[in-house]
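Structural features, examined
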Amino acid sequence: MPELPEVEHTRKNLDRWMRGARIVEVRTRDDRIVRPMKPASFVKGVTGRVIERIERRGKWLRLLLDDGMSVFTHLGMTGWFERGASTDHPLRFDRVTFELSRKGVTSRVTYVDPRRWGRMVLTKEDLPVWSSLGPDPLDDGIDEAALADKLARRKKRSIKEALMDQKVLAGVGNIQAIEALWKAKIDPRSPAGALTTSDIRAVTRGLRWTIDRTLADLAKGDGGAKNPFKIYGRKGEACPRCGEKLERLTLGGRTTTFCSACQRRLRS
DNA sequence: CGGCATGTTGCGCA
DNA sequence: TTGCGCAACATGCC
């Protein structure tokens, strides 16, 4: 599920579901999600704690506990959180289950993750990867001069790979990069160093556009039946802007949809 | 059955 | 030292 908009949506949910609640019981038998900690140690460490606040940076979430510890969480490719009642049947692919109590009201929040690429790390210190993240487009905004600097230092990388580098901007993933570059009319293969100031402005606007749009879709909460994106996953379909056939290639090991007719290929 | 998947990390090599 | 390409992780779904 998760790129920046989905994780932000998750943060809002967790804030409503968990903030101010006490963790009265935790269950996990999965030794991958909480690695390198043992499941039993994780359970012991969080049981009885009150969740004071939920933060997000890029695709990472952080639950701050009342004893100064934090649970850093990453959803990997297929993780999500779901709320239910303490009496519900366990969910398929449940990995970590929190039984909560707040003002005498009990509830359950379950971390679900079929592929188990997600993480849940209980620690007092900031996770190094959390500290190394670049600015968050939603929380910090996108500073075009700072972005230009970062792109200049990765001048030979494709612009798409550079945007997905979490040290450049935190939270931009495959879909958001594809959609933003389409909006900016820039070919994803263009070297990062070839973008002019106005190209960088166009990319910045493209990112804001796709992030806001995806967030709005999530807020509507309409089951997510079909692909809500303009070009992601639409190889072979007509470009919604110029009508030419959308193409696909691989960049940095990731599938990339684009329109060679209306996305300009920049050269350095 | 084959192919593909919204992410991150670590390794080997130039 | 730095950067790049790629496999690995584990499993579902079309």
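Everything below is about the structure printed above this text.
The structure contained in this document is the topic of the report that follows. (Residues numbered from 1 in each chain as written. Chains lettered and ligands numbered in written order. Predicted model: local features only at pLDDT ≥ 70, side-chain atom pairs only at ≥ 80, totals over all residues. Heavy atoms only, no water.)

**Digging into the overall build of chain A**
Selection rule: Per the convention used, a helix needs a DSSP run of H or I reaching at least four residues, while a strand needs a run of E reaching at least two, with both numbered from the N terminus. Just to be clear, the radius of gyration here is over C-alpha atoms, and the globule rule we use is 2.2 Å times residues to the power 0.38. Type-normalised accessible area, obtained with a 1.4 Å probe on protein chains alone, sets the label of each residue: buried when under 20%, exposed when over 50%, and partly exposed for intermediate values. Only heavy atoms matter for contacts: two residues are in contact if any of them lie within 4.5 Å across the pair. In these tables, accessible area is a Shrake-Rupley quantity obtained with a 1.4 Å probe, and a residue counts as shielded only by the protein chains included in the view. This count recognises Lys and Arg as positive and Asp and Glu as negative, with His and chain-terminal groups excluded. Lys charges are placed at NZ, Arg charges at CZ, Asp charges at CG and Glu charges at CD.
Along the backbone of chain A there are seven helices and 10 strands. The C-alpha atoms of chain A give 20 Å as radius of gyration, which agrees with the globular expectation for 268 residues (18 Å, within 12%). Each principal axis of the C-alpha distribution contributes one length, and for chain A these read about 60 × 35 × 30 Å. Taken across its 268 residues, chain A has 49% of its residues classed as buried. Sequence-distant contacts in chain A: of pairs separated by 6 or more residues, those separated by 24 or more amount to 66%. Approximately 13300 Å² of chain A is accessible, and the part contributed by carbon and sulfur atoms is 48%. Side-chain charges of chain A comprise 54 positive and 35 negative groups, with the mean position of each set lying 3 Å from the other.

**What about the packing of helix H4 (residues 144-152) against helix H7 (residues 197-220)?**
For any two helices packed against each other, one specifies the crossing angle of their axes together with the interaxial distance. This is how the line gets drawn: Orientation is described by lines fitted to C-alpha atoms, with helices fitted over the stretch in contact, and by angles between N-to-C directions that extend from 0 to 180 degrees. Relative orientations are named as follows: roughly parallel for angles under 35 degrees, roughly antiparallel for angles over 145 degrees, roughly perpendicular for angles from 65 to 115 degrees, and oblique for any other angle. Working rule for handedness: look at the near helix, and if it is turned counterclockwise from the far one by less than a right angle, call the crossing left-handed; if clockwise, right-handed.
In contact at an axis separation of 10 Å, H4 and H7 are set at 110° when each is read in the N-to-C sense. By the angle between their directions, the pair H4 and H7 is classed as roughly perpendicular. Handedness of the crossing formed by H4 with H7: right-handed. Here Glu144, Leu147, Ala148 and Leu151 of H4 lie close against H7, whose contacting residues are Ile200, Arg201 and Thr204.

**A short note on the protein's contact with DNA strand C**
Just so we agree on the cut-off: Summary of the distance rule: residues count as near a molecule or strand when at least one heavy atom falls within 4 Å of that molecule or strand. In protein, a polar contact requires one atom able to donate a hydrogen and another able to accept it; more generally it is a pair of N or O atoms within 3.5 Å, and residues adjacent in sequence count only if both atoms are side-chain atoms. Gly falls in the polar group here, along with every residue not listed as nonpolar (Ala, Val, Leu, Ile, Met, Phe, Trp, Tyr, Cys, Pro) or charged (Asp, Glu, Lys, Arg).
Around DNA strand C, the neighbouring residues are Arg32, Arg92, Phe93, Pro114, Arg115, Arg116, Trp117 and Arg157. Backbone atoms, meaning sugar plus phosphate, form 61% of the atoms of DNA strand C positioned within 4 Å of the protein. Here Arg115 contributes a side-chain N or O atom positioned 2.7 Å from a base nitrogen of DNA strand C. Within the side chain of Arg116, one N or O atom sits 3.1 Å away from a phosphate oxygen of DNA strand C. Tallied by class, residues from the surface near DNA strand C come to three nonpolar, no polar and five charged.

Purely spatial values, then, with no claim about function.
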